[in-house]
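A structural walkthrough
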Amino acid sequence: MTFTLRRALTTTATVGALLLAATACSQDSPEQAVATTGSASSSAPASAPASAPASASASPTGSDRSTPMDIRVTIDGKPVDATLNDSSAAHDLASLLPLTLDLEDFHGTERIADPPRKLTTENAPEPQAPKTGDLTYYAPWGNLAIFYKDGPSASSDLLVLGHIDADSDQLSGADRITIEAAS
């Protein structure tokens, strides 16, 4: 039990350090990025959840109150711009990338799919009503949802993870999505 707990804590700390290093690489000069990534170990698997707390600044997409992370998204073979926010759940999703998921319609408002495992909901940001293009996570069912119409009122069960810059017609008819880390 102690070994398993120690391994889980080490893995979580290492993945968190790697995610922080990746974020630093995208925002800092090359010299600062080398200094940041030099201390991170790469011996842990990337599937462990990260538990970095969300920050409180506003994002340009309005999907979160924090610094966005660029991702590559392909919807039915067509690339679109997208970002993940800085929440723990978004970082956990990033640890699963690349992902290719088949989508199905739900309530004439969103396209849903199941990631390979449930995401962390620790330190979740304040609930907000989903908007068209928001990539969300519905915690009780453990599924991802992409809204092609504005969603219902805010719910603590629905976490906004980021935003996909595609029009509602493309999102509403989407059958397959590929999400990859930006290089």
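Refer to the structure above for everything that follows.
We now turn to the structure provided with this report. Source: prediction; values computed, not measured.

A short note on empty space enclosed by the protein
Under the defined criterion, the tally for this structure stands at one cavity of 30 Å³ or more. Taken together, Leu101, Leu103, Arg111, Ile112, Ala113, Leu135, Leu144, Ala145, Ile146, Ile177 and Ile179 make up the full set of residues lining the largest cavity. Secondary-structure elements contributing two or more residues to the lining of the largest cavity are strand E5 (110-113), strand E7 (143-147) and strand E9 (176-181).

Things to note about the packing of aromatic side chains
A full pass over the atoms with the stated rule returns two aromatic pairs. Summarising the aromatic geometry, the rings of Phe106 and Trp141 are spaced 5.4 Å apart at their centres and angled 90° between planes, so their arrangement reads as edge-to-face. Taken together, the residues Phe106 in strand E4 (residues 104-106) and Trp141 in the loop between strand E6 (134-138) and E7 connect sequence positions 35 residues apart. The exposure class assigned to Phe106 is partly exposed, which follows from its relative accessible area of 22%. An angle of 80° between the planes, with centres 5.1 Å apart, marks the rings of Tyr138 and Trp141 as edge-to-face. By relative accessible area, Tyr138 is classed as partly exposed at 26%.

Examining the pairing of E7
Consecutive side chains of a regular strand alternate in pointing toward one face of the sheet and then the other. The buried count for E7 comes to five of five residues, which makes it a mostly enclosed element. Along E7, one buried face is formed by Asn143, Ala145 and Phe147 and the opposite face, lined by Leu144 and Ile146, is buried too. Of the pairings in the sheet, the one linking E5 to E7 comprises four bridges and is antiparallel in character. In the strand pairing of E7, Arg111 is matched with Ile146. The sheet contact formed by E6 and E7 spans four bridges and is antiparallel. Bridge pairing in E7 links Tyr137 to Leu144. Here E6 folds back onto E7, and the loop between the two strands holds four residues, one of which, Gly142, carries a positive phi near 75°.

A look at the layout of surface pockets
A water-sized probe rolled over the atoms picks out the places where empty space is left. Taken as a whole, the second largest pocket spans an internal volume of roughly 220 Å³. At the level of secondary structure, the elements contributing two or more residues to the lining of the second largest pocket comprise E5 and E7. The residue inventory of the lining of the second largest pocket, partitioned by class, reads eight nonpolar, five polar and one charged.

Observations regarding the nonpolar core
In terms of nonpolar packing, the biggest core is built from 30 residues, with Val73, Ile75, Leu84, Leu93, Leu161, Ile164 and Ile177 touching the most fellow members. Elements with a contribution of two residues or more to this core: strand E1 (69-75), strand E2 (78-84), helix H3 (88-94), strand E3 (99-102), E6, E7, strand E8 (158-165) and E9. Ranked by residue count, the leading element in this core is E1, at four residues. Excluding its chain neighbours within four sequence positions, the residues that come into contact with Ile164 are Val73, Ile75, Val80, Asp81, Ala82, Gly133, Leu135, Ile146, Leu171 and Ile177.

Section: the pairing of E1
Here E1 shows one buried face, formed by Met69, Ile71, Val73 and Ile75, and one open face, formed by Asp70, Arg72 and Thr74. Bridge count between E1 and E2: seven bridges; the pairing is antiparallel. In the sheet register, Val73 faces E2, and the bridge partner there is Val80. What sits between the antiparallel neighbours E1 and E2 is a turn of two residues, in which Asp76 has the positive phi angle 50°.

Here we look at the sheet that holds E5
One open sheet holds the nine strands; their spatial order is E3-E9-E1-E2-E8-E6-E7-E5-E4, and the pairing between them is antiparallel. Every interior strand has two partners, whereas the edge strands, E3 and E4, have only one. The average undirected angle you get between the axes of adjacent strands in this sheet is 30°. Here E4 runs beside E5; their pairing, made up of three bridges, is antiparallel. Bridge assignment links Asp105 to a residue of E5, and that residue is Arg111.

About the criteria used
- Residues numbered from 1 in each chain as written.
- Predicted model: local features only at pLDDT ≥ 70, side-chain atom pairs only at ≥ 80, totals over all residues.
- Heavy atoms only, no water.
- 1 Å grid on protein atoms, 1.4 Å probe; cavity = no way out; pocket = protein on both sides within 12 Å on 5 of 7 lines; lining within 4 Å.
- Points joined across faces, edges and corners; volume = space filled by probe spheres on them.
- Helix = DSSP H or I, 4+ residues; strand = E, 2+ residues; numbered from the N terminus.
- Phe/Tyr/Trp six-rings, centres within 6.5 Å; stacked < 30°, edge-to-face > 60°.
- Buried < 20%, exposed > 50% of the residue type's maximum accessible area, 1.4 Å probe, protein only.
- Pairing = 2+ DSSP bridges.
- Nonpolar A, V, L, I, M, F, W, Y, C, P; charged D, E, K, R; others polar.
- Core = buried A, V, L, I, M, F, W, Y, C linked by side-chain atoms within 4.5 Å.
- Contact = heavy atoms within 4.5 Å.
- Axes fitted to C-alpha atoms, helices over the stretch in contact; angles between N-to-C directions.

Scope: geometric values only; no functional claims are made or implied.
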